[in-house]
Every structure is written in C-alpha cells, then in structure tokens.
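Structure assessment
Residue strings, one per chain:
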Amino acid sequence: MTSQARTPWLNRTVIGIGLASLFSDWSHEVATTVMPALLATLGVAAAWLGLIEGVSDGLSSFAKLASGYYTDRLPRRKPIAVAGYIVTALGTAAFGLATSAWHVLAARATAWFGRGVRTPVRKALLAGSVTRETYGRAFGFERMMDTLGAIAGPLTAVLLLQLVHKDYPTLFALTLIPGLLAASVMAFVVRENQRTPVPHISFGASLRALPGRLRRFLAAVTLFGMGDFAHSLLILLAIQKLTPRWGAATAATIGAGLYVLHNVLYAVFSMVAGVLADRYRKGRVLASGYLLAALMAVAIVVLPLNVWTLAAIFALGGIYVAIEETLEDSCCAELVDETQHGMAFGTLATLNGIGDVVSSIVVGILWTSYGTSLAFSYCALLFVLGSAMILRVTRVPVAGR
C-alpha cells in the first residue's frame, strides 16, 4: 500500500475546518443577500454598497497578510482562528443594529476583518493536519463545504425574510447561530499539531525568505487574477442579455438560478479537483482550470447569448473556480516548508484580493466603455497567459513531494 492510501486524510481536523467554513459562510451569506435590501430601507444611494464592499475587502486583504506573518511566530495558531470566527459572527449580527449606512459599513468591515484574520490560519491548520500527498483532497473538501454554505445562505435568507416578516434585527440576530457554531467547531473539534514557532524576523525579511519558486507561482496567480472578475458580473450579463426576450423580472430570476447552478458545480468540482490534484501534477491541473476560464471568456465573446449558452458559461465558471481555488491552495502548501505556511497563505490571499478588486474594476470599465467583447477578451488573454506561466513555474515536480 502507498502512504497516500494509508493516510486518513479525512480526519477530525479536516472535517472540523470544513464544517467551520460551511457554518460561517452560511451565516455571512445570509447577511450579504439581505444587505442591499437593508440599505434600501435606510434610503442610501447605491454608491454606499460599493464603498462598503471596497473598504471591507481592502481591510480583509490587509488582515490576511498581517495574520499570515504573525501566525508563523506563535506556538499555537488555533486561538487566532477561533477569534476570527467570533469577530465575523458578531460583525455580521451587528447589521441588525444599523440605523444608518455608516453603521452597516462598520459592521461589514468588522466582519471582514475577522474573516481576513482567520483565513491564512485556517489554511495553515488544514495543511498541517494532512500529508503533502493529500493536500488536494483536504483543500478540495474545505472548498466544497464552504460553497455548500454559500448555497445555503441565500436560500435561508429568502426563507427568513418571510418567517420574520422583514424584521431585520431579528433576521441578523439569527445569523449568530451558524456563525457561533463555526467558532465552536473550530475551538472544540479541530486539533492543532504541536509545532515550533519560527524566530521573529521583520515582515520584509519574511517576504524575502519565501522560496523563489513560490514567488514565481504567486506572480502567475496574480497575472491570472487580474482578469478573474467577480462572478456577480455574470449575473448582470445574463440579466442584460435575457431582458429583451423575457422581461426584467424573469431575467433576474433566471440569472439567480444560473448562479445557483454555478455554485452547485463549484461545490461538486472542488472535491473532484482535490482528487485530481493528488493523482496528477498539480501545476498541470491548475493550468487546465485556468484554460477553462479562458474558454468561458471566449464563449461570452463569440456565442449568441441565450439561456442555454449562458447555462454553459455559468457551468464553466463554477468548474474553473473550483479548480482554481483548490489547486492554488494545495500548490501553495506544497511549495513552502510548513514553518512558512502562514506567510505563504497570507500572501496568496492578499494577492488574490488585490486581483479581485483590479479585475472587477477593469472589466467593469471596459464593459461600460467598449462593450463585452473587449472586456472578456481582456480576461481571456490574461487567463491564457496565467496558464502558460503556471505550467512554466511548475514544470518540474517539487523534490520529494
């Protein structure tokens, strides 16, 4: 038998982290779904939504980098993760106390700060609980559970809005249940292996200490990320293209349904991608996912957009994101020593966050100014270049891994 076959990769820590991801995503996706309606009742302009999301994402990215740096220097990482989940749960529930837009901004920023703090810690704990040969399955399982929470959240939001008769304080208070369940699972189910903290060095020195191969990998991920737009833009695309035939209300409903399809495939293929990552060269699997992204972008440009072609586009979107997120994490874990996992995951998460902001802004501007053909051609070009760069960086297997 191989070591891979003997390794119980689905251990209590992997299960616990997966459940924590599911419950936490369930909690804050309820809030995310209802937040625009809450802002509407407060009578604020749509620009506030962009400001809230932008400030929160920026603070989250900073928190990920800082957390990744400090977590490698602590004898125990888990308390930081537990604290992050608690802060996210409390920040999400605090939406119910809002009486003005800046209250929503403060609550969302607090929740996203906690989310940023816990992300590299959670990934480091996950990587430390399995062997290198099973990184793919472990990260694929976590992504699958997280996405199940993302599916359950909006569905729960719709149900709760009816049950509580749009009583927003009560609805947001109920998000504490899955939010605190996530913190409890992290505290009482997840086990942290003993580790020796790394000596204290400056932040800059920690960045320079990351292996050159990881830095080249991160450059490829960033290149791809500069075109990896937020998939809420796919919903907007569907609504715009379907409204002339189906009407605005029906088009919006179809767009939401297509996004559910996207997330279901994202959940399913996260686990599939993890299995492939443990059987084949990780770089090749990730590059294939990047090429699927390019295929999706090209399809938007060249195909006549109707319900069926849009369904194929949403399906490709869900599949490639599953491969992308699972393989980026498992490749990152494989390219560094365990003592650098926190810094590596924090840097990866921060660069992905920056890429998300840049890509969505650029695609939005190109779309508005020149149309979808140029906007998604830009994406396809970066997706192909990112795939080629990943293949070049990972063409030689990591020694002994």
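This structure is a prediction, so every number in the text was calculated from the model and none was measured.

Quick word on the packing of helix α6 (residues 135–163) against helix α14 (residues 307–334)
As a packed pair, α6 and α14 sit with axes 9 Å apart at the nearest point and diverge in direction by 140°. One element, α6, and the other, α14, form an angle in the oblique class. For the pair α6 and α14, the sense of crossing is right-handed. On α14, the residues touching Tyr135, Gly136, Phe139, Gly140 and Arg143 of α6 are Glu325, Thr326, Asp329, Ser330, Ala333 and Glu334. Per-class residue counts for the contact of α6 with α14 are three nonpolar, four polar and four charged.

Some thoughts on the environment of Leu276
Structurally, the position occupied by Leu276 is in helix α12 (residues 248–279). When the C-alpha positions of Leu276 and Gly136 are compared, they lie 7.5 Å apart, and in sequence the two are 140 residues distant.

Considering the packing of aromatic side chains
Under the counting rule described, the total for this entry stands at 12 aromatic pairs. Where Phe139 meets Phe345, the ring centres are 5.8 Å apart and the plane angle is 50°; that geometry is what we call tilted. With Phe139 in helix α6 and Phe345 in helix α15 (residues 341–370), the pair connects residues that are 206 residues apart, well separated along the chain. Residue classification places Phe345 among the buried positions, given a relative accessible area of 0%. Taken together, a centroid distance of 6.1 Å and an interplanar angle of 50° make the contact between Tyr320 and Phe383 tilted. Taken as a pair, Tyr320 in helix α14 and Phe383 in helix α16 (residues 372–393) lie far apart in primary sequence, 63 residues in all. A single burial state applies to Tyr320 and to Phe383, both of which are buried. Every member of this aromatic cluster is reached through a ring pair, and the members are Phe224, Tyr290, Tyr320 and Phe383. One Lys or Arg, Arg108, reaches over the ring of Trp112 and ends 3.8 Å from the middle of that ring.

With respect to α14
The end-to-end C-alpha distance of α14 is 40 Å, a good match for the 40 Å that 28 residues give at a rise of 1.5 Å each. Put simply, Asn306 is the residue that caps the front of α14, since its side-chain oxygen is 3.0 Å from the backbone nitrogen of Trp308.

Points about the state of the cysteines
Taken as a whole, this structure holds zero disulfides when the rule is applied. This cysteine, Cys331, is not joined by any disulfide, and Cys332 carries the nearest cysteine sulfur, 8.7 Å off. Looking at Cys331, the relative accessible area reads 2%, which means it is buried.

Here's the deal with a nonpolar patch on the surface
Where nonpolar side chains cluster on the molecular surface, the patch consists of Val260, Val264, Val268, Val272, Leu276 and Tyr280 and spans about 480 Å² of accessible area. By the secondary structure assignment, Val264 is in helix α12. Among the residues examined, Val264 registers a relative accessible area of 37% and is labelled partly exposed.

Criteria and cut-off values
Residues numbered from 1 in each chain as written. Predicted model: local features only at pLDDT ≥ 70, side-chain atom pairs only at ≥ 80, totals over all residues. Heavy atoms only, no water. Axes fitted to C-alpha atoms, helices over the stretch in contact; angles between N-to-C directions. Helix = DSSP H or I, 4+ residues; strand = E, 2+ residues; numbered from the N terminus. Parallel < 35°, antiparallel > 145°, perpendicular 65-115°, else oblique. Left-handed = near helix turned anticlockwise from the far one by under 90°. Contact = heavy atoms within 4.5 Å. Nonpolar A, V, L, I, M, F, W, Y, C, P; charged D, E, K, R; others polar. Phe/Tyr/Trp six-rings, centres within 6.5 Å; stacked < 30°, edge-to-face > 60°. Buried < 20%, exposed > 50% of the residue type's maximum accessible area, 1.4 Å probe, protein only. Lys NZ or Arg CZ within 6 Å of the ring centre and 35° of its normal. Expected span 1.5 Å × (residues − 1). Polar contact = N/O pair within 3.5 Å; in protein donor to acceptor, adjacent residues only side chain to side chain. Disulfide = S-S within 2.5 Å. Patch = residues over 30% accessible without salt bridge, like charges linked within 9 Å, V, L, I, M, F, W, Y side chains within 5 Å. Areas by Shrake-Rupley, 256 points an atom, 1.4 Å probe, with all protein chains shown as cover. Salt bridge = Lys/Arg side-chain N within 4 Å of Asp/Glu carboxyl O.

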